[in-house]
Structure formats: structure tokens, C-alpha cells
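Summary of the model geometry
Each chain is listed here by its residues.
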Amino acid sequence: MSLLLTQTLVQTIRVRPPVLRCAAVIKVLLLADKTVRAAGHCSAAMAKRRPFERLPADVFPVNYGLSLKPDLINFTFLGKMEARVQVTQATNQIVMNCADIDIITASFVSNGGDEIDATGFNYQNEDEKVTLSFPSALQKGSGVLKIKFAGELNDKMKGFYRSKYTNSAGETRYAAVTQFEATDARRAFPCWDEPAIKATFDITLIVPKDRVALSNMNVVERLPYPSDEDLVEIQFATSPVMSTYLVAFVIGEFDFVESQSLDGVLVRVYTPTGKGEQGRFALEVATKTLPFYKDYFNVPYPLPKIDLIAVADFAAGAMENWGLVTYRETALLIDPKNSCASSRQWVALVVGHELAHQWFGNLVTMEWWTHLWLNEGFASWIEYLCVDHCFPEYDIWTQFVSADYTRALDLDALDSSHPIEVNVGHPSEVDEIFDAISYSKGASVIRMLHHYVGDEDFRKGMNSYLLKFQHRNASTEDLWDCLEQASGKPIARVMSSWTKQMGFPIIVVEQTQDDNDRVLKISQKKFCASGPHNGEDCPCWMVPISVCTSKDLKCSKLQVLLDKPEITVTLPGVSPDQWIKVNPGTVGFYRIQYSSAMLESLLPAIRDLSLQPVDRLSLQNDLFSLSRAGMISTVEVLKLMEAFVNEPNYTVWSDLSSNLGVLSSLLSHTDFHEELQEFIRDLFTPIGLRLGWDSKHGEGHLDALLRGLVLGKLGKAGHKPTLEEARRRFKEHVEEKQVLPADLRSPVYLTVLKHGDSNTLETMLRLHKQADMQEEKNRIERVLGAIAAPDLIQRVLTFALSEEVRPQDTVSVIGGVAGSSKQGRKAAWKFVKDNWEELHNRYQGGFLLSRLIKLTLDGFAVDKMAAEIKSFFESHPTPAVERTLLQCCENILLNAAWLKRDADDIHHHLMQRKAPPV
């Protein structure tokens, strides 16, 4: 499942969730200040996990014969299930998962025996289970469990639900769609809803004959429905053995485009009616991707077809259902004229992610949700490998470092982070681990592992793993075993230090010169957002360390496994005039602190661009993180940022922009916020002038991304020439004299709104209403919060909950308000509190609720806010967001500490810059 929702926000605003900092500071604050009880409260709540037992093993399914008849007018469905089961020991009850379903009748027929009717259905709603009781014991052996049931096509974007859309005639219609991961198949049919309880599926859908009906497998028969001539009965081929969370069906009105991959798999992309051509780009990516994965894994795709379908109301980015992958429209549809470069890249990544799951997750499935990270971390890594193969011009691995690697470091530096592998029990705990640790840190440590093992042995180990466990379940340790056998390296020992313990190290590097040799002292300690761990029992990681020099930029002069707190190594033949760089390529998952002299020697390599882009990026990012942690002054980072004046690389600018966004959010709590905007204008003006407004002949994908980023940054910071030109172009766009290119729309919209009035907002809302493409609607929704006037901010917040905004996109609108200004942050938090019941009911405690809370609260920097948050959630308990609340409380206290520590120095530096030379 793709959950890179923050990235869809970041594409426009490029502001990483504000400053993440950690526990040593908090511990001091907590002792001194009652506000810290907020974090304590969250921590206590986290410790109280709900009791949970997995399903008993005395009965398990072999095959589900499932027939469903949805009613798209009354939003209900009828179901009939005949499941072939195996009874492993005599029992007079069957325990299954069941939620929001009414069982009408149930019976059991053993092989050669009589049919026994169930005498009672005992629903355990808290645990989402039902116990079917029988008057006599079901004997050991095989049999058939028959159940008739009814359910609701809900509007919660989970289980079997309804999705609202407008057809080509402008009429409101509803599709019936599914989203079962993690534990929502039980809302569509009674089942054994655990990933390890696999079975085959024979699915039949009874649907209106003018609708498209799809499931995991290909259609084998389409028959008239006997009692209603407007309905048809569609039967699908038997699936391979699979987990319930991967079952899918969709009923609605769609067009499609199709092709065939090189290895003969039928690929279709389903789009809203009239928009088939918008599926062409995803079709091209999918048909290239399937053979790439077949070759990489050396295992063929196991189904005869794969469908990719755009769904109007969809909580995640996409979902990897075997053979029928569901997507948000913005994660699948590309309009050649109206889609921007970042949208094309987003679609390519999400398609790559979901198709990787067809092998890694679907063919071989995690044994339990504890191993979710392996599914998602692996897919989040290999999607980049795939896109790099399909679109080398995207320079996608450099973008990985900014989009995933640094994001994971930021979150994992908090005391309220969690290990990659989390013991999961009750279903309510699963949604919380769909986060940047499971996805982005998971991807980052797999990237580090791939580099440590080498591509050839890594592929060999992957092939062994997939063949050994195909159609079965596996754990993290099973993958380590296969990679260990392929490489001969201590994979399990190395990787358990990264997956089973929280956090990561800071690598401290010092050097001395010994004639023509360089002697390095390399040590590690745990890094927290408040600085290195200085207490007892400091954890230790097994860290693959590599080093390059200015004479040998990409090849590693040294590779060593740091498996203790400190080592000393000698680099022969490194003269005094050479600089050295630890972690070339920024592959190891750690931060680095160099001695002052070593850092000084690297600065010219930033200015003259001799350091590769990914290392220029990480050097700046590490120093920014050290400044947030109080280990160096933030002023030092501002000085370093000025060395990037010649920087040509999009991703380096993107990361600089993100960090300046964090700093801007922090300084919005001061009276010198405008001085930072001046710094931003000075930094970005030269690159803005070089790029100009219009694309030039020979420019490519990255130039389009960079232009949008730079103009948006200058416009938001109030750069007058940018503002004037944005207003001019916006007026021409609105008057349809000169339509804005797709890549300029976000920066122009952001700029005119930031410095706009009620007329600007009215115009933007009109553009939103007129937009035919969801991408354009989302583009507008993400920047509406930039409006400055308090009454207009309220209008935007009210709009967020209106019928005009799809339920999954409300989060983007409110988050955009909170992320744009101090005023917006206060207004968004008040709005969330005032509308909590509706928001909680809409998202049902899922990951969208966690994202809403994070986007709304993370930017505060006043201690008392933590107490206010604690108080609110004590009276509105929400178990599914406890970890997110703990992280927000921690961030707020750490933001406050950062501000108290560095604000005066930053102010002094910014004023000095403006002072005329004496």
C-alpha cells in the first residue's frame, strides 16, 4: 500500500513536517514544567495495549466460494459464502472475524455428513469476531461452511464501501469498491482475516449489467441473473492461495486502455469514463515494470492479468490487491497537457511500488503485521530502483535521500519513535505503524543492506526467498537467512541492530595526518533530536562505514563494519591537501559529525560542486539536524546555506527549501520572521534569475521541478518581481488568454493566494469547481491555506469539510492551513477541536486521522500547547493516534527549546547581514 501522502503535500509546499527533536531536552522540561505531562500521558496510554488473541487454529479455510450482490442505491449488500474448510480437532464452534455484518444463516456440512445449522452467533464487536455455535461437535476432517449475510456499503473508505463520482452526463453516481488492508475484509464477508491464513477464492459478483465489475482474477463467465433482467452474474477464475487483505472487487462505470507486457501479461488501466487517455502513462510504466521485476526477481508474474484502477474516494495512495490494484485518481491519471512533472514522477513511483508487492507481499506474505515493514519498506525501496530503470533522467536516487531517507531520520530521532519491527496485537494497533518508520526507514535500511551485500548476491538471495516461500508466509528472519546464504555475510546480526531497536547512530569522525597517511577515529552513539545519547546503556549498531577522498570521489577508499562504540583506521596514501567524506552516496542510515577542520575542508567542494549532489545535500541536512539538536548553532547552518549559491541540482535545492520551511515555521513565533524571508529571497534569487519563468529548449524533467520549487519559494517569501509576474500570469490564466503550464500552476497559485484577498480566494474556489481533473483540484486544495486574512482562513477551513472536497483530501486542506502561518496553525487546531466528532467519525481512527493530527500540531513551539493537547485528548480518547500525539507533544516541547536557545543568535545574524559594511 502506498501511503506517501505527505509527499503529495510536499510536492507543492515542500515543507517537511516541522522540526523533530528529542528527549534529553524533554526530560529536563518535563521535570520543570507541567506541560510535559502531556507526553507522559501519551506514553502511559501507549503502554496499555488492548488484550488480543489471534484466531484459534482448530478450523481454517481452504477455499472461499463468495457471491456478493451490492445495492448501489440503498448502499447495502447481500452475500453468500461457501467455504471449504479443514477441521483440525473436533469443536462445536467456529471463531471468525466479522465486523459490521449481520449473519442471517450459517450451517456446516462435513464430507459425507448431514448439514448442521448453527444455533447461535455471538458477536464480539470489540475484537471484531463472531463465534458460530453448533449443536454437536464438528469432527476432524474437511467440510463446507455456508453463511448468508448482509452488510452496508459504508462511506468510511474501508471494507466494502461506496465511492461517489460524477459521470460524463454530470449525474452523481456511486461505485462499490474495497480496501481491506490491514483488517477490513471482515467488513465485506465473515472470514479468517489474518495474513497467514491463506486460501483460494472463487468470487461471483451480481451487478447492474451496465457497470464494469472487476476482481483479482479474470472473468470466466458472465450470465443473466435469473430474477432481474437488469443484473448480470459475473464469475471470476479461481485465485491462487492468498491472504484476505489482498482480495478486491470494484463495481462502477469505467473506461480502460490496455496493452501486453513483454512476457504476455494483459495490463489494463481503468479510468473514469471519458478519461481513458489519462491512463496511458501508467500503462506505459506498468508494461515496462512487470518485465523489470520478473527479471530482477527471476520469478514470473503469477497471474494472467493485472488491472490498475482509479477510485474517486480512496484513503491511501494505492493498494496492491493481487491482480487488481486500486489507486487514488492522482496516483494513476496523467493528462499530457495538464499534469505537472511531479505528478508524472509520483504516478511512476506509486505504480512501481504496488507492482513490486505482486511478488513481495502477495506471492510471499508477511506472517503477521509485526513484519509489515518488510512488505512496505522493501516496496518503498524497489519502487526507486524500478523508476530509475524506466526514467533514468529523473535522478530518482538523489530524490530518495530527500523524500524518504532524511524524513525517516527526522522521525526516528524522537524518543516517541518505534523500532522498525513492532509487536502488533489488536487490529486497532495496525494503522499506527503505516508510517515513515515502516516505509521510509524500512526502505533506507534495505538500501543500505543492498549496498552492503552487493547487487548480485542481493538478487540471488531475493530469488531464493521468493521461490522458497512462494504462496506461503514468511518473517523478517527468513529473508535474512536467504540473503546470508547468498552473500556469506552476517546479515541477521547486522540487520537486527537496525530493525529491532529504535533510532540510529551519529557517527563522530576525527582525523590526524601521519606522513602520507590519514588516521581516522570513528565512533558511534545514539542520536536524539535533542543531541547524542549521553546516558548509560547506549545502544550500539552494526554500521557499514565507507569513506571516499577528493581524489577518488565515488569509489570507497575504505569499507568497514563498525560493530563497537569506536574504531581507529588508517587510510594509506591520503595527502594533507585531500578532503575525506564519510558515507559517500549517503547510503548508510546515520548522521555524521565531523571535526571543525574536516568540515572546513569540505566547504569548497560544495561551492565548486566537486562533491556529488547527494553528498552536498546530506552534508547540509546533517548540519541542520545538529543545529536543531543544539549541537551547533543554527547560525552556522545559515552560513553554510549561502555556499549553495552555484547549486544547480533540483533535489539539493528541494532539501534546502524544506529545511528553510521548518525554520520559517519556527520563527513565525518571533517578531523577526520577515528577516528570514529576506534571507530566503537573497538565497533563491540567483537561481530564480538563471531559470526564468519559461522552459527553454533542451530542458527536462528536473528543470521543470526546480523552476516550480524556486518560483514558489520566492513567491511565498514575498519577492516582488516574482509576485508581480505571478499575478500577471494568473490574470491571463483566469481570463483564458494564456493558460498556465501545469508546472507553473502550484507556484503561481501559492504566490497569489499568500499575498491575495477575498477576490483571489473566490477566483481560486471557482477554478476548483470548474476543474475536471482531480490533480488540479488537489493542486488548489493544497495551497488554499496560504491565504493570510483570518476571516478567509476560516472560509478555507469550512470549505475543507464541504461536499466540494473529497473526504480523503480534507486532510490536505486543513494541513495546508496549519502549515502556512502562525495564524493558520491556531485556526486549524481550533477547527479540528470544534469538528472533532465529524472528523473522527469520517476517518474512524485510521492513518488519515494520524496525518491530520501531525499536520495540525507539529508546528507549534509554545510549551503550554502540549498541556492543551493532553487535556483535549483525555476527554476525546483516540487509541489509534496515541503514538502520533506523543510525537506531537515531543515536537512542540523541542521546538520551544530550540527557539529559546537559538532565536537571539539567529536574529542577530540576520540583522548583521542587512547592516551596511563599516
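Residues numbered from 1 in each chain as written. Predicted model: local features only at pLDDT ≥ 70, side-chain atom pairs only at ≥ 80, totals over all residues. Heavy atoms only, no water.

A look at the overall build of the chain
Stated formally: Each helix is a run of DSSP H or I of at least 4 residues and each strand a run of E of at least 2, with the numbering of both proceeding from the N terminus. Atoms counted for the radius of gyration: C-alpha only. Globule rule: 2.2 Å times the number of residues to the power 0.38. Buried, partly exposed and exposed residues are distinguished by accessible area as a fraction of the type maximum, computed with a 1.4 Å probe on protein chains only: under 20%, between the cut-offs, and over 50%, respectively. In this description, contact between two residues means that some pair of their heavy atoms is separated by no more than 4.5 Å. Per-residue accessibility takes into account occlusion by the displayed protein chains alone, with areas from the Shrake-Rupley method and a 1.4 Å probe.
Across its full length, the chain carries 28 helices and 30 strands. The C-alpha atoms of the chain give a radius of gyration of 28 Å, which matches the 29 Å a tight globule of 918 residues would have. Expressed as lengths along the three principal axes of its C-alpha atoms, the size of the chain is roughly 100 × 65 × 60 Å. Per-residue burial for the chain yields a buried fraction of 64% across its 918 residues. Contacts in the chain between residues far apart in sequence, at least 24 positions, make up 73% of those at least 6 positions apart. Surface accessibility of the chain: about 32700 Å² in total, with carbon and sulfur atoms responsible for 50%.

Section: the sheet that holds strand β7 (residues 129–138)
The following threshold applies: Pairing between two strands is assigned when DSSP locates at least 2 bridges connecting them. What counts as an axis is a line fitted to C-alpha atoms, over the stretch in contact for a helix, and the angles between N-to-C directions run from 0 to 180 degrees.
Within the open sheet, the 3 strands sit side by side as β3-β7-β6. Their pairing is antiparallel. Each edge of the open sheet carries a strand with a single partner, namely β3 (91–97) and β6 (120–124). Sheet twist, expressed as the average angle between the axes of neighbouring strands with direction ignored, equals 25 degrees. In terms of strand pairing, β3 meets β7 through 6 bridges, oriented antiparallel. If you follow threonine 91 over to β7, its bridge partner there is leucine 138.

What to know about the packing of helix α24 (residues 822–834) against helix α26 (residues 847–857)
The following threshold applies: Residue type decides the class: Asp, Glu, Lys and Arg count as charged, Ala, Val, Leu, Ile, Met, Phe, Trp, Tyr, Cys and Pro as nonpolar, and the leftover types, Gly among them, as polar.
As a packed pair, α24 and α26 sit with axes 9 Å apart at the nearest point and diverge in direction by 145 degrees. Residue-level contacts link Arg825, Ala828, Trp829 and Val832 of α24 to Leu852, Thr856 and Leu857 of α26. For the contact of α24 with α26, a count of residues per class yields 5 nonpolar, 1 polar and 1 charged.

A closer look at the nonpolar core
Rules: To form a nonpolar core, buried Ala, Val, Leu, Ile, Met, Phe, Trp, Tyr and Cys residues must be joined to one another through side-chain atoms within 4.5 Å.
Membership of the largest hydrophobic core comes to 308 residues, with the highest contact counts inside it found for Phe189 and Tyr465. Beyond its immediate stretch of four places on either side in the chain, tyrosine 465 contacts Phe360, Val364, Leu374, Ala474, Asp478, Leu479 and Cys482.

Brief notes about the sheet that holds strand β5 (residues 115–117)
One open sheet accounts for 8 strands, arranged β5-β4-β8-β2-β1-β11-β14-β13; its pairing is mixed. A single partner strand is all that each edge strand has here, and the edge strands are β5 and β13 (219–224). Sheet twist, expressed as the mean angle between neighbouring strand axes with direction ignored, is 15 degrees.

Things to note about α24
For clarity, the threshold we go by: Helix span, expected: 1.5 Å multiplied by one less than the number of residues in the helix.
Taking 1.5 Å per residue as the helical rise, α24 with its 13 residues ought to reach 18 Å, and the 19 Å between its terminal C-alpha atoms agrees with that figure. Those residues of α24 not exposed but buried are Gly824, Arg825, Ala827, Ala828, Trp829, Phe831 and Val832. Those residues of α24 hidden inside the fold are in contact with α15 (650–667), α22 (790–800), α23 (810–818), α25 (836–843), α26 and α27 (864–875).

With respect to unusual backbone geometry
The peptide bond linking glutamate 181 to alanine 182 adopts the cis configuration, its omega dihedral lying at 10 degrees. In this structure, alanine 182 sits in the loop between β10 (172–179) and β11 (200–208). Positive phi values are uncommon outside glycine, yet aspartate 395 reaches one of about 50 degrees. Structurally, the position occupied by aspartate 395 is in the loop between α6 (372–390) and α7 (396–412). A relative accessible area of 26% places aspartate 395 in the partly exposed class. Phi is positive for histidine 471, close to 65 degrees, though the residue is something other than glycine. Residue histidine 471 is classed as partly exposed on the basis of its relative accessible area, which comes to 32%.

Topic: the state of the cysteines
Rules: Whenever a pair of cysteine sulfur atoms sits within 2.5 Å, that pair is classed as a disulfide.
Applying the stated criterion to the full structure yields 0 disulfides. Sulfur of cysteine 538: no disulfide; nearest cysteine sulfur belongs to cysteine 540 and is 7.5 Å away. According to the relative accessible area criterion, cysteine 538 is partly exposed, its value standing at 32%. The thiol sulfur of cysteine 888 is not disulfide-bonded, and the nearest other cysteine sulfur, from cysteine 889, lies at 7.1 Å.

Notes on the packing of aromatic side chains
Our working definition: Here a Phe, Tyr or Trp ring, Trp counted by its six-membered ring, pairs with any other such ring whose centre lies within 6.5 Å, and the pair is stacked when the planes are under 30 degrees apart, edge-to-face when over 60, and tilted otherwise. Sitting over a ring, as applied to charges here, requires NZ of Lys or CZ of Arg to be within 6 Å of the ring centre and within 35 degrees of the ring normal.
A full pass over the atoms with the stated rule returns 46 aromatic pairs. The interplanar angle of 70 degrees and the centroid separation of 5.6 Å between the aromatic rings of phenylalanine 504 and phenylalanine 589 together place this pair among those described as edge-to-face. You can see phenylalanine 504 sitting in the loop between α11 (491–499) and β23 (505–514) and its partner phenylalanine 589 sitting in the loop between β29 (580–582) and β30 (591–594), a full 85 residues away along the chain. Looking at phenylalanine 589, the relative accessible area reads 0%, which means it is buried. The ring of phenylalanine 391 carries lysine 288 above its face, with NZ or CZ at 5.2 Å from the centroid. Stacked on the ring of phenylalanine 281, the Lys or Arg arginine 344 has its end atom at 4.4 Å from the ring centre.

A short note on the pairing of β11
A regular strand places its side chains so that they alternate between the two faces of the sheet. Taking burial as the measure, the 9 residues of β11 include 7 buried ones, the bulk of the element. Sheet topology places β11 next to strand β14 (residues 231–236); 5 bridges connect them, and they run antiparallel. Across the sheet, residue leucine 205 finds its bridge partner in β14, namely isoleucine 234.

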